[in-house]
Amino acid sequence: MEEMIFFDNAKEHVTNFFEKEFENFPPLLMSNFLNKFNDILNYSEEGKSIKPKLIFTDNIEAIIRTFPKSTALTIFEDEEPTMFNSRLKSILAITRNDWCLFVDIKESKITYGLVMSFRSIKDKKFLQQLEENTTLKDRSTKIHCIVIRPLNFFTMYLHSISGNDLIVNFALDKSKNNIFATEIKEFVDATFSKLRTTQRKLQDMKNMYLNIFTNVMSDVNGAICVIVDKDYKDNGLFDDGIWLKEPISFSKLFTQSKSYSEEKLQAYAELFINMLNFDGITIIDNQGRILAYNVFVEPNSKKVGYIIGGARKRAAYFILSSKKKGIVGVYFQSHEGEVFFQEIKKSVKRTQIKKSEPKMETKSEHITLMDEQK
């Protein structure tokens, strides 16, 4: 007998989230958004996957004023939400390079456009600022704002400025339920665990790495990045690769002088992304220095065991299972957007999602297909 499974439960939770967090959200716009939900989650243009970022609000002007280095570009204005699908299709393809699509909803018109913040690569991105801003949270009874962004091919993240979150996950494999922000935060903390500098410069470099790996999630099909100790000496495990004669040290750009070159910093960040996007493994140390790229290992199937996934995933688990002295941890990202960071000392595979420590009081709800089958 056939069994048919629908996602009505997830649909109900998304609708309830909007009803609670955005008073008087137009029903027709809600219906149109739900119909496009899966298209947004798996959007691509000319064969290239794009993870578009959307902002629904009723006061884009107040949001822009809150962040002085931000700007909004208006593209369409309509009286009714009937053109929502068409407007999204026209704008989603250009929501790259930190531009976010906004839908500003007033009683008499609906405005579509793009918004971004012109800031240094060492500063927090616009959406992170928006999600963490306490001023807007205090005004959430007067200003409504919901951020929508895909985390990967099967997970959509919704955040309201009141501090509540909703995560919708359509993956059948529970191991793919990892929350991107949590994994990246752990990875970045481990990357700079032995760097000694001022707290301000340390935070700048952590912000830069967070920005880099947010771009990696959007622009790179898959990656492995291995962290080793600053005194690591390779004994042959990683000899099949390109080791830099002089490591790239981001910290020197911050510590050698009071001023730094933003252009140089940006250029090295883009080079780092290119290395991560190249075949093989990129190796960095726990002072944040880039040591090698295009590195390959030969996984031992007996040692790794049966792993569901491609060569990149088998290589990641092989490195974790090796427990070689000096290897700190492994960051893995698949083509489909599965992400994990695992330290060698925590090499037992995790079975639960670890919650990241919120910067402000929040309430998060995680909806998965498993929930709907109960």
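To keep things clear, this report deals only with the structure shown in the data block.

On the surface, a nonpolar cluster with roughly 250 Å² of combined accessible area is contributed by Leu-73, Ile-75 and Ile-94. By secondary structure assignment, the location of Leu-73 is in strand S4 (residues 70-78).

Looking now at helix H9 (residues 199-219). Given a rise of 1.5 Å per residue, 21 residues ought to cover 30 Å, and the 30 Å separating the end C-alpha atoms of H9 matches this to within 8%. All buried positions along H9 are accounted for by Leu-202, Asp-204, Met-205, Lys-206, Asn-207, Met-208, Tyr-209, Asn-211, Ile-212, Phe-213, Val-216 and Met-217.

It is worth spelling out the sheet that holds strand S12 (residues 281-285) at this point. The strand order across the open sheet formed by six strands is S11-S13-S12-S10-S14-S15, and the pairing between neighbours is mixed. Of all strands in the sheet, those bounded by a partner on one side alone are strand S11 (240-249) and strand S15 (339-343). Strand-to-strand, the axes of this sheet are offset by a mean angle of 15°, without reference to chain direction. Contacting strand S10 (223-228), S12, strand S14 (327-333) and S15, H9 crosses the sheet at an angle of about 40° to S14.

Below, the discussion takes up the packing of aromatic side chains. For the coordinates displayed, the defined rule picks out 26 aromatic pairs. Taking 5.8 Å as the distance between ring centres and 75° as the angle between the ring planes, the aromatic pair formed by Phe-33 and Phe-37 counts as edge-to-face. Given a relative accessible area of 7%, Phe-37 falls into the buried group. Ring centres of Phe-278 and Tyr-293 lie 6.2 Å apart, and the angle between their planes is 55°; this geometry places the pair in the tilted category.

The rules behind each value
Residues numbered from 1 in each chain as written. Predicted model: local features only at pLDDT ≥ 70, side-chain atom pairs only at ≥ 80, totals over all residues. Heavy atoms only, no water. Patch = residues over 30% accessible without salt bridge, like charges linked within 9 Å, V, L, I, M, F, W, Y side chains within 5 Å. Areas by Shrake-Rupley, 256 points an atom, 1.4 Å probe, with all protein chains shown as cover. Salt bridge = Lys/Arg side-chain N within 4 Å of Asp/Glu carboxyl O. Helix = DSSP H or I, 4+ residues; strand = E, 2+ residues; numbered from the N terminus. Expected span 1.5 Å × (residues − 1). Buried < 20%, exposed > 50% of the residue type's maximum accessible area, 1.4 Å probe, protein only. Pairing = 2+ DSSP bridges. Axes fitted to C-alpha atoms, helices over the stretch in contact; angles between N-to-C directions. Contact = heavy atoms within 4.5 Å. Phe/Tyr/Trp six-rings, centres within 6.5 Å; stacked < 30°, edge-to-face > 60°.

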